[in-house]
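Listed below are the residues making up each chain.
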Amino acid sequence: METKLQKILIVEDEQSIQKLIEFTLQQANFVTVLANDGEEAIEKVLDEQPDLIILDLMLPKIDGLEVCRMLRKQDIETPIIMLTAKGEEMDKIIGLEMGADDYMTKPFSPREVAARVRAVLRRTGEPKNTKEKKLIAGQLTVYPERMEVYLDNQPLEFTPKEFELLVYFMKNPHRVFTRDQLLQAVWNYDFAGDTRIVDVHVSHLRDKIEENTRKPRYIKTMRGVGYKFGEQN
Ligand code: CA
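Quantities reported herein were computed from a predicted structural model and do not represent experimental measurements.

Asker: Any details on the pairing of strand β7 (residues 140–143)? Residues and values, ideally.
Answerer: Burial along β7 is two-sided: the face carrying L140 and V142 and the face carrying T141 and Y143 are both buried. Pairing of strand β6 (residues 135–137) with β7, which is carried by 3 bridges, proceeds in the antiparallel orientation. Residue pairing across strands places A137 opposite L140, the latter belonging to β7. Bridge analysis of β7 against strand β8 (residues 148–151) gives 4 bridges, and the strand direction is antiparallel. Among the inter-strand pairings, Y143 is bridged to a residue of β8, identified as E148. Counting the residues that bridge the hairpin from β7 to β8 gives 4 residues, and of these M147 lies at a positive phi of roughly 55 degrees.

Asker: Tell me about the coordination of the calcium ion, and name the residues and values.
Answerer: Protein-derived coordination of the calcium ion comes from D13 (OD), D56 (OD) and M58 (O), at a distance range of 2.1 to 2.3 Å. Mapped onto the polypeptide sequence, the residues donating to the calcium ion form the spacing pattern D-x42-D-x1-M. On the criterion of sequence distance, the pair formed by D13 in the loop between β1 (7–11) and α1 (15–27) and D56 in strand β3 (residues 52–56) is long-range, its members being 43 residues apart. Residue class for D56 comes out buried when judged on its relative accessible area of 3%.

Asker: Any chance you could break down the nonpolar core for me, citing the residues and the numbers?
Answerer: Formed by 28 residues in total, the largest nonpolar core has its most connected members in L140, L166, F169, I219 and F229. Elements with a minimum of two residues in this core: β6, β7, β8, α6 (160–171), α7 (179–187), α8 (196–209) and β12 (226–229). Counting residues per element, this core draws most heavily on α6, at 7 residues. Every residue in contact with F229, bar those within four places of it in the chain, is listed here: A137, L140, L166, F169, M170, P173, H174, R175, Y218 and I219. A35, L59, V67 and I76 belong to the second largest nonpolar core, which has 22 residues in total.

Scoring rules and cut-offs
Numbering of residues starts from 1 in every chain and runs along the sequence as written. Local features in this predicted model are restricted to residues of pLDDT 70 or higher, and side-chain atom pairs are both shown and tallied only at a pLDDT of 80 or more, whereas totals for entire chains, interfaces and linings draw on every residue. Side-chain numbers here rest on the full set of heavy atoms in the structure, without hydrogens or water. Type-normalised accessible area, obtained with a 1.4 Å probe on protein chains alone, sets the label of each residue: buried when under 20%, exposed when over 50%, and partly exposed for intermediate values. A run of H or I in DSSP counts as a helix once it spans at least four residues, and a run of E counts as a strand once it spans at least two, with each numbered from the N terminus. Strands are labelled as partners when DSSP assigns at least two bridges between them. For Na, K and Ca the donor cutoff is 3.2 Å, while for all other metals N, O and S atoms count as donors only within 2.8 Å; water does not appear among the atoms, so some sites may look incomplete. By nonpolar core we mean a set of buried residues, namely Ala, Val, Leu, Ile, Met, Phe, Trp, Tyr and Cys, connected to one another through side-chain atoms within 4.5 Å. Contacts are residue-level and defined by heavy atoms, with any inter-residue pair within 4.5 Å sufficient.

Here it is as C-alpha cells:
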C-alpha cells in the first residue's frame with residue numbers, strides 16, 4: 001500500500017534558505033513546493049493544496065503576516081510555521097495571533113525544520129480546540145485572531161499599527177512603558193526613532209476608545225515617562 005506523501009509549501013525569498021529547507025524536507029520524505037513572494041504563496045496554496053506552509057515573515061509584495069491573515073480570513077486552515085529573524089519578536093506574537101501555528105527564528109538547523117514540521121502536522125491533525133482567544137478590559141473586547149475590536153459591543157475600525165499597539169497594551173496591563181519601549185515593541189525600531197509616532201497613535205486610540213480623552217480611562221499618560229494601559233476607575 002502506498003502512503004500519500006505530505007506536501008510542504010516553502011515561502012521564502014532568500015534562495016539559500018529556501019534551498020536548505022527544500023533539501024532538508026525532501027530528505028525527510030516530504031514533497032516540496034516553492035514560492036518566492038507573498039502573492040505567489042497565496043496562488044500556490046490554492047493550486048497545490050499543501051499540507052503545511054513554511055512562511056517567511058519578510059517577503060516581497062505581500063509580507064508573511066498579511067499572507068497568514070488573508071488565508072485565515074478565507075477560512076484556509078492549513079498549518080503555518082512562520083520564519084522570523086532575530087529582533088522580530090513582536091511580529092512573532094502577532095503572527096501567532098494571526099493564526100500561525102508555530103514559528104522558527106533564523107538561523108535554525110536543518111534538523112529543527114523537519115522536527116517542527118512533523119510536530120505541527122501531528123498537533124494540527126488532532127481535533128482543534130475551537131475556543132477563541134479574546135482580550136477584555138472594561139467595555140473593550142479585542143479578538144486578536146480576527147483583528148476585531150468592540151467597545152460596548154460596537155465594532156471599531158483600527159489601522160494595523162493602532163491595532164498592534166492596543167493588543168500590546170492589553171496584553172501588558174498596568175505596566176508603564178516608555179515611548180522608546182513601545183516604538184521597539186510595535187514598530188520594531190531597535191534604535192532611537194521618532195517617538196512622536198507613538199504619541200500620534202495613542203492619540204488616535206484614545207479618540208476611538210476613550211469617552212473623555214482629557215480624562216482617559218484606558219490609556220494613561222505617565223508624565224515624563226510614557227504610557228500605561230489599564231482600566232482606570
Ligand atoms: Ca525574507
